[in-house]
Each structure stands twice: as structure tokens, then as C-alpha cells.
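The residues making up each chain are set out below.
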Protein chains: 2
Amino acid sequence: MSYLKEKILKDGVVINDSVLKVDSFLNHQIDPIVLREISNEFLNYFKEKEITKVMTIEASGIAPAILVASELNVPMLFAKKTEPSTLQNEKQFATDIHSYTKNITSRVIVSEEYLSADDKVLIIDDFLANGEAALGLIDLVRQGGGEVVGVGICVEKSFQPGRQKIIDAGVDVFSICRIASLENNTVHFVEE
Amino acid sequence: MSYLKEKILKDGVVINDSVLKVDSFLNHQIDPIVLREISNEFLNYFKEKEITKVMTIEASGIAPAILVASELNVPMLFAKKTEPSTLQNEKQFATDIHSYTKNITSRVIVSEEYLSADDKVLIIDDFLANGEAALGLIDLVRQGGGEVVGVGICVEKSFQPGRQKIIDAGVDVFSICRIASLENNTVHFVEE
């Protein structure tokens, strides 16, 4: 069993049937051992890909993304959340990402300078639930004409539709932990 | 000359007398070589300190902070920006940080669980200008009863008062690049 799964069983807190709190080791305080293990699993899974850039969205995706990018010695790019605005900036790619947790839609941007048709991009994020963030990042890469070589996720809530939506978009998904259910205050992983 | 200084001279864009754009390599797209050099400089400068935790604020501080924390094998904690709220959560330390750039004051929080009186905390951030973010982080650590062993900054705008405010708070500051002036569209470093 991966160290991340062990940590989830030991220190994760099931808030309700759809929310797992992992902020003691993954997305507020970050355990360096967990994070290096996550990075190594991504590197191992995607090792055949000729990755030119690692991409994520602020803020919780940045830590795993930069470790992977540093090991691959490629740039890491993080999309920024902005207030929705009618101002058009011709130098940005933009997409709208809806958060079901917070029930808000945010405009997310990257500078056009940093995504090109030559890019083979690995997208990394901490959680996958409804897939909105990952689909938004895929959209940004494709606006630049580049290729998404895969999506790497730390914790997937497999009882929500995100994975299928990414597959439907033609992109490979690798999740280190796949959670089948949080019912009865208990974490059940997908059998693999 | 450090690689970060070389990158600033080569790829930094002086927007006006107080704003330097470094988003091609430091705080939007991140150059892995620059970032590892930054991490190594912080590790070298603070190597005598018995650091138990590295702390920063989302989002741009996360990348340098996690590399340093990973090398030290200690947890990294990032403070979260929230909307000002009258809701009191007894389990959070909170402080208000004013951004002169954006002219807004944000409430910034960390969970009380992750800062204690035993902590010796190294604070890392990408920029130091007026010092508001660093002072807010120092305040959070001290609310938990812990000690701030130092503040590590990637790019210091030495013509603004942040460094002096941190020193006045009794905390050591180490900045990899100290910028004396951005006048006439030119980066001048502090002579050292």
C-alpha cells in the first residue's frame, strides 16, 4: 500500500459522504515524505512521455507539480484564478472552472507566452472530483495548440464523474489513490 | 552572480519604477533550475537553524517553500487567503494582510493544529516589498507561540520598507536578490 493511502487511513478525516479532509499532510500542511512519494509515482507512471511542461492550478496543485517538474527539469506553469471580468487581454488564454464545493465559477488564466503548439503537458492536481479543474487546464493547453500527455492526480474521488470526463476528452488519467466511497465515515479505496 | 540575478537581467521585465515582472521563471511559469538554486541558497544560509517547519502564503511562495521543506525533510505549511468574514472559527489563527499592489486587505488563516510553541519556522516568499505578507506570517507563527528563525526571500525590492520592518520585528532576513532601483527601466541590484 502506498504511503499516501496509509496517511489517508491514519490522518484523513471524513467530513461527510463526499468530503475528505487531508489538510494535515496534502493541501495545507504538506508532509515532505508523502509529497516525494507522490512525485515518484507520477514520474514512474509517465516516464515514457516526452514531457516539456508540468501544469497545475493554484494553490494546492503547486507543491506536487513543482517536485515533478524539478525532477524532469522542465518548467512548471500554474494557472491563476481571477475574478470574472469583461476585460479582454489578448495575451491570455482563459477558461471558466466551476467549483461544485464552493458553488462558484472562476475565470482561470495563463499567459499565452507559456503554452505553445510544441508543448507536451503533464497536468497535476491534488484532487479529482467532478473534473472541472482538469478539464479547464486541458482546454488551456489545447487553446495553445499543445498536447496533454496525461493527468496525474493525488486523490481521486472515484464516485464522482471527473475521471470519466477526462477519458472522454481523450486524455489518460493516473490517480495515486482512488476512493470508492466515504460512506459511514470510512474510506474505501477502489480495488486494484 | 547568482543564476536568479542573471535571469532577472535577461528575462525580467521592468513595468514601472516599482514593478518587476518575473512571471516567465518565478511566479507563473517556474524555471526548475532557478528554483533549485533558490532552494540551495536558502538551505545554505539557514543551515545552522534547527528548522521544524517551512511556512509561506499561497500561491507564489509555495514552489520555493516546498523545495526547501523537502530537502530539510520537514513539513511545509501555507497560509490561505480567505474573504474577510465575521464567522469566527476557534481552530484558526488569523491575521490581516494588506496588499499595496492590489489595494486590498485579505484575511489570512492557518489551522491552529499546525503551529505550536515547539516550532522553529522558516518563512519563505517570492517577493518582499512592503513586508505585509512576511509580517502577517510572523504574526501567525507567534500566535502559536513558536519562533520565526528567519525570512527567506527570492526577490527583495530594497527601495521599499519591508526588510526594515522585518528586522524591527526581531527577525533575520535573507534575500537572494536585492533590487536597489527599477528606475529608467533598468534593474540595479544592491552592491554587496
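Now for a description of the structure that goes with this document.

Some remarks on unusual backbone geometry
Residues and elements named next belong to chain A.
Alright, step 1. Cis geometry is found at the peptide bond from Glu-58 to Ala-59, where omega equals 0°.
Alright, step 2. Relative to the assigned elements, Ala-59 resides in the loop between strand S4 (53-57) and helix H3 (62-72).
Alright, step 3. Residues other than glycine seldom take positive phi values, yet Asn-185 does so here, at roughly 60°.
Alright, step 4. Looking at the element boundaries, Asn-185 is found in the loop between strand S10 (173-181) and strand S11 (188-189).
Alright, step 5. According to the relative accessible area criterion, Asn-185 is exposed, its value standing at 59%.

Observations regarding the nonpolar core
Alright, step 1. With 79 residues, the main nonpolar core has Leu-4 and Ile-8 of chain A together with Leu-4 and Ile-8 of chain B as its most contacted residues.
Alright, step 2. Ile-8 of chain A has contacts with Leu-20, Val-22, Phe-25, Val-155, Cys-177, Val-187 and Phe-189 of chain A, leaving out every residue within four places of it along the chain.

So, the side chain of Glu-58 of chain A
Alright, step 1. Position of Glu-58 of chain A among the secondary structure elements: in the loop between S4 and H3.
Alright, step 2. One polar contact links the side chain of Glu-58 of chain A to the main-chain amide nitrogen of Lys-81 of chain A, over a distance of 2.8 Å.
Alright, step 3. Ignoring anything within four residues of it in the chain, the contact list for Glu-58 of chain A reads Phe-78, Ala-79, Lys-80 and Lys-81 of chain A together with Ala-59 of chain B.

Topic: the interface of chain A and chain B
Alright, step 1. Across the contact, 33 residues belong to chain A and 33 residues belong to chain B.
Alright, step 2. Of the roughly 2600 Å² buried between chain A and chain B, counting both surfaces, carbon and sulfur atoms make up 59%.
Alright, step 3. Going through the elements one at a time, strand S3 (29-30), helix H2 (32-45), H3, strand S5 (76-82) and strand S7 (104-111) of chain A are the ones with two or more residues in the side of chain A that touches chain B.
Alright, step 4. Sorting elements by how many residues they give to the side of chain A that touches chain B places H3 of chain A first, with six residues.
Alright, step 5. Here the residues of the side of chain A that touches chain B are counted per class, giving 18 nonpolar, eight polar and seven charged.
Alright, step 6. One ladder, built from two bridges, connects S5 of chain A with strand S3 (residues 29-30) of chain B; its direction is antiparallel. Note that in S3 of chain B the partner of Met-76 of chain A across the bridge is Ile-30 of chain B.

Concerning the pairing of S5 of chain A
Look at any regular strand and the pattern is simple: side chains alternate between the two faces of the sheet.
All names here are of chain A.
Alright, step 1. Inspection of the sheet shows S4 paired to S5 by four bridges, in the parallel sense. In the strand pairing of S5, Thr-56 is matched with Phe-78.
Alright, step 2. Each parallel crossover has a hand, and for S4 linked through H3 to S5 it is right-handed.

Description of helix H1 (residues 3-11) of chain A
Residues and elements named next belong to chain A.
Alright, step 1. Three or more residues of H1 are buried, namely Leu-4, Lys-5, Lys-7 and Ile-8. The arc that holds the buried residues of H1, viewed along the axis, is 160°, so those residues lie on one side.
Alright, step 2. Contacts made by the buried residues of H1 are with strand S2 (19-21), H2, strand S9 (147-157), S10 and S11.

Here we look at the environment of Arg-142 of chain B
Residues and elements named next belong to chain B.
Alright, step 1. Structurally, the position occupied by Arg-142 is in helix H4 (residues 132-143).
Alright, step 2. Expressed as a C-alpha distance, the spacing of Arg-142 and Thr-101, which sit 41 residues apart in the sequence, is 26 Å.
Alright, step 3. Ignoring anything within four residues of it in the chain, the contact list for Arg-142 reads Ala-169 and Val-171.

Examining the relation of the copies chain A and chain B
Alright, step 1. Placing chain A over chain B gives an RMSD of 0.0 Å and needs a rotation angle of 180°, together with 0.0 Å of translation along the axis. Those values place the two copies in the arrangement expected of a two-fold rotation axis. The C-alpha atom lying nearest the rotation axis in chain A is that of Ala-59 of chain A; the distance is 2.7 Å.
Alright, step 2. Comparing interface residues between copies, 100% of those in chain A also sit at the interface in chain B, which points to an isologous, same-surface contact.

Focus on the packing of aromatic side chains
Alright, step 1. Summed over the entire model, instances satisfying the criterion amount to eight aromatic pairs over all chains.
Alright, step 2. Ring plane angle 85° and centroid distance 6.1 Å describe the contact between Phe-42 of chain A and Phe-174 of chain A, whose orientation is recorded as edge-to-face. Of this pair, Phe-42 of chain A sits in helix H2 while Phe-174 of chain A is found in strand S10, placing the two residues 132 residues apart along the sequence.
Alright, step 3. Owing to a relative accessible area of 0%, Phe-42 of chain A belongs among the buried residues under this scheme.
Alright, step 4. Ring geometry for Tyr-45 of chain B against Phe-46 of chain B: centres 4.8 Å apart, planes inclined by 80°, an arrangement best described as edge-to-face.

As for the pattern of salt bridges
Residue and element names in this part refer to chain A.
Alright, step 1. Tallied over the full model, the rule gives 22 salt bridges over all chains.
Alright, step 2. Between Lys-21 and Asp-23 there is a salt bridge whose closest N-O contact spans 3.5 Å.
Alright, step 3. You can call Lys-21 partly exposed: its relative accessible area is 31%.
Alright, step 4. Under the relative-accessibility criterion, Asp-23 is labelled buried at 15%.
Alright, step 5. With a shortest N-O distance of 3.2 Å, Lys-120 and Glu-147 are connected by a salt bridge. Of this pair, Lys-120 sits in strand S8 (residues 120-128) while Glu-147 sits in strand S9, and the two are 27 residues apart along the sequence.
Alright, step 6. Taking the relative accessible area as the measure of exposure, Glu-147 reaches 41% and is therefore partly exposed.
Alright, step 7. Salt bridges sharing partners connect three or more residues here, namely Lys-7, Lys-10, Asp-11 and Asp-31.

Criteria and cut-off values
Residues numbered from 1 in each chain as written. Chains lettered and ligands numbered in written order. Predicted model: local features only at pLDDT ≥ 70, side-chain atom pairs only at ≥ 80, totals over all residues. Heavy atoms only, no water. Helix = DSSP H or I, 4+ residues; strand = E, 2+ residues; numbered from the N terminus. Buried < 20%, exposed > 50% of the residue type's maximum accessible area, 1.4 Å probe, protein only. Core = buried A, V, L, I, M, F, W, Y, C linked by side-chain atoms within 4.5 Å. Contact = heavy atoms within 4.5 Å. Polar contact = N/O pair within 3.5 Å; in protein donor to acceptor, adjacent residues only side chain to side chain. Buried area = accessible area lost by both parts, 1.4 Å probe. Nonpolar A, V, L, I, M, F, W, Y, C, P; charged D, E, K, R; others polar. Pairing = 2+ DSSP bridges. Right-handed = clockwise from strand over helix to strand, strands pointing away. Arc of directions from axis to C-beta. Least-squares fit on C-alpha atoms with pLDDT ≥ 70 in both. Phe/Tyr/Trp six-rings, centres within 6.5 Å; stacked < 30°, edge-to-face > 60°. Salt bridge = Lys/Arg side-chain N within 4 Å of Asp/Glu carboxyl O.

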